Amino acid sequence: MTALFAALYLGATVLGRLTVLDGSDIAVVWPAAGVAAIWFLTRRRSPTFRAEVALFAVLTFLVDLATGASAPIAAVLVAANLVQIAILLRLTHGIEKVHSPRRLWRMLGAVLAATAGGAAIGPTGVGLLTSHFSWSSMVSWVACNTAGILLIGVSGLYLAGWRGRRTAGPAPRVAETLGLAVSTLVAYYACFLADTGLPIAFPLLAVTVWAAVRMPIPWAIGHGTVTGVAAVAFTLHGTGMFAAVDDQVSQVLVCQLFVVTVAVIGLAVALGRDERDALLAELAAEKARLAAEKEQAAQHADLVTTIIDAMGDGLSVIDANGRVLLSNPVAAKLLGGRINSGDMVTGAAYYGLFHLDGRPLTDDELPYTRVMAGEDIGQMDLVVRNPGVPDGRIVSVTATGVARAGGNVAVIVFHDVTAERRHRDELAGFAGVVAHDLLNPLTTVEGWTDTVAELLETEPPRIDTARDGLCRVARAAARMRGLINDLLAYATSRDAGIAPAPVDLSEMVGDIITARCDAAVAGGLPVPTFTVGALAEVHADRVLTRQLLDNLIANAIKYTAPGVVPRLTISGELRDGVVEVTLSDNGIGIPAGQHDAIFGNFHRAHRDAGYAGTGLGLAICKRIVERHGGAISAADNPGGGSRFTFTLPAGAVGETTARREVTVAV
């Protein structure tokens, strides 16, 4: 690389010395300055830099001697070139590559300062040695060195940095390239060859701007170099508008100024165009990125909105001014459809909010108000009762304050706990009744166990009395077992999963009737008489359906007056996709006002009538029916006794069983 630069510099120096005007030290062009600039700007970090500087000085000295300069003058010129290169290296630190107008102007300033420094030593030293100093020599030094560095040095630096960036600038088009070439030839012919007698130079600048705006920068640099060389060649040949200047030195200076102007304009316009294109590309990329982020944000917002709307709980976000920023459909549903008027929070009375004890909630007690006042309320239960929720709904409200830049907001979450609270209350009552009902037989067992032990310890043992006590213990244990079995059945009917399947009610009722009749015969009781009408197939859980029918039939048989033969009538009717089953009996009936209460937990309508039971049988029946989406009710039988009616989902088969009367003989 060093040898290549040395050869180029040597050739450029010889070429420049050949353009020195006769009888002066003024050169029309000095391409060696541009080669030197490329050489040392690209090799400043080379480990052989000092040796290359020494080689540069030797070559400069030898060429000057060979072209007629004396040794002292050659030494002065070497010193001037070294100072010029040193200043250029110092002022261009960090801008070795010119790829923007800003760096071009910095480079131009550095070039002018460097050539001015070289001019202060070169022409001044030569003038002192020859006793002939002229300002024109200094100006010419600055002009020709500046032109050489701009045309060759700066352009070469750009091309060195441009390699690999093949997309810079617009792609040249054949027609436009030919048009530019023809226009350039015409303009230079008019200015340098045609004898117009007019000093017109603006067409030359026009084609320079055209090349800079429409062509890639390497093409623009080539265009400027060719036109600059052409202008110098025409001027040296004595043709053109610059040759018309009488003073030879002024002629050269004007030509050099033209070359510098063409080079600066071409580079500045081309670099500005590329910088603009780069900024536009960056702006387009940023716009695309922002659009992608906006689309992503919109998708995220849609996802969040979908998630919030799909929540099973209600959600509202309220700012410090009471404006509802966000509210999902569940929130409105839990509040009975009460929509916030004008997206503003309304008073507690509007929503129908109450404490659990029935006291109306005041506006100051609203969760939103309390959170905004700085209270940490956590979770609270409220009752919502308004025209949209006439029966009332228990809502658990969680309110949290969230600080944000635009002002604090309250995040309110509504959760319907009506079923949970009712279940909890039901369990509390359930536990109380269970404890009471289990305690009685347990007390009997404990008491009679102690009594039997004492009877057996007497002399002689009182066996008959002890046997009677053990019978009482057995009966108490049986009552406890019955209660526990009913509790297990109740829990199963409430919480166990259901497995709906086609169920033939006629077949199932027949099995239950047979079992009940057999039990009556075995127990020496009156055998019930059953009349079974047409029963359709249902789609229900087989185990729970059998439990339902068995409980109702067992109740009808049990609650019959002493000495009366139980008579039961079972019928069914298919209507609107459900099967309605009716069971009538001739029992003791239901006390007035208790037709709904008998389905409650542990309710016993005939507690004092001597009928055994836990009060869970009908509660179990109700739960089974409701879990299948049906309903159950009780009424008085016109012929005496009770009538129970329940519905279950219909199966695929219609009514198939004919009316029949079933009796079992003893």
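Being a predicted model, the structure only gives us computed values, none of them experimental.

Criteria and cut-off values
- Each residue is numbered by its place in its chain's sequence as written, counting from 1.
- Owing to the predicted nature of the model, reporting of local features is limited to residues with pLDDT of at least 70; listing and counting of side-chain atom pairs is limited to 80 or more, with chain, interface and lining totals taken over all residues.
- Based on all heavy atoms of the structure, the side-chain values leave hydrogens and waters out of the count.
- In this description a helix means any DSSP run of H or I spanning at least four residues, a strand means any run of E spanning at least two, and both kinds are numbered starting from the N terminus.
- Pairs were defined over the aromatic rings of Phe, Tyr and Trp, the Trp ring being its six-membered one, requiring ring centres within 6.5 Å. Orientation was assigned from the angle between planes: stacked under 30 degrees, edge-to-face over 60, tilted for the rest.
- Buried means the residue's accessible area, taken with a 1.4 Å probe over protein chains only, is under 20% of the maximum for its type, while exposed means over 50%, and partly exposed covers the values in between.
- UniProt positions are given in the numbering used here, feature names are shortened, and annotations may be inferred rather than shown by experiment.
- For two strands to be treated as a pair, DSSP must find no fewer than two bridges joining them.
- Here, a salt bridge means any Lys or Arg side-chain nitrogen found within 4 Å of an Asp or Glu carboxyl oxygen.
- N or O atoms within 3.5 Å of each other form a polar contact, as long as, within protein, one can give a hydrogen and the other can take it, and as long as residues adjacent in sequence are counted only when both atoms are side-chain atoms.

## Structural notes on the environment of Thr305
In step 1: Looking at the secondary structure, you find Thr305 in helix H10 (residues 248-310).
In step 2: Sequence separation of Thr305 and Leu326 is 21 residues, and the distance between their C-alpha atoms is 9.5 Å.

## Description of the packing of aromatic side chains
In step 1: Applying the stated rule across the entire model yields eight aromatic pairs.
In step 2: Between Tyr350 and Tyr351, the ring centres sit 5.2 Å apart and the planes meet at 80 degrees, which makes this aromatic pair edge-to-face.
In step 3: Residue class for Tyr350 comes out partly exposed when judged on its relative accessible area of 30%.
In step 4: Taken together through their ring pairs, the aromatic side chains of Phe5, Tyr9, Trp39, Phe40, Phe49 and Phe56 make up a single cluster.

## Quick word on the UniProt feature "domain: PAS" (unreviewed entry) in the chain
In step 1: This chain's UniProt record puts "domain: PAS" (unreviewed entry) on residues 300-336.
In step 2: The span residues 300-336 is 46% helix and 27% strand, and its two end C-alpha atoms sit 30 Å from each other.

## Here we look at the sheet that holds strand S6 (residues 409-416)
In step 1: Read from one edge of the open sheet, six strands run S2-S1-S6-S5-S4-S3, paired in antiparallel fashion. Where the open sheet ends on each side, the last strands, each with one partner, are strand S2 (324-327) and strand S3 (353-354).
In step 2: One ladder, built from two bridges, connects S3 with strand S4 (residues 379-386); its direction is antiparallel. Bridging from a neighbouring strand, Phe354 pairs with Val383 of S4.

## Thoughts on the pattern of salt bridges
In step 1: Per the counting criterion, the structure on display carries 12 salt bridges.
In step 2: The partner of Asp274 in a salt bridge is Arg273, with the nearest N and O atoms 3.0 Å apart.
In step 3: Given the relative accessible area of 6%, Arg273 is considered buried.
In step 4: When the shortest N-O distance is used, the salt bridge between Arg516 and Asp550 registers 3.1 Å. Linking Arg516 in helix H16 (residues 505-522) with Asp550 in helix H17 (residues 542-558), this pair joins segments that are 34 residues apart in sequence.

## Comments concerning the side chain of Thr560
In step 1: For Thr560, the position within the fold is in the loop between H17 and strand S10 (567-575).
In step 2: In this structure the side chain of Thr560 is engaged in a polar contact, spanning 3.1 Å, whose partner is the backbone oxygen of Ile557.

## Observations regarding unusual backbone geometry
In most cases, non-glycine residues show a negative phi, while peptide bonds are predominantly trans.
In step 1: Non-glycine residue Asp576 carries a positive phi angle of around 50 degrees.
In step 2: Mapped onto the elements of the fold, Asp576 is located in the loop between S10 and strand S11 (578-584).
In step 3: The exposure class assigned to Asp576 is exposed, which follows from its relative accessible area of 79%.

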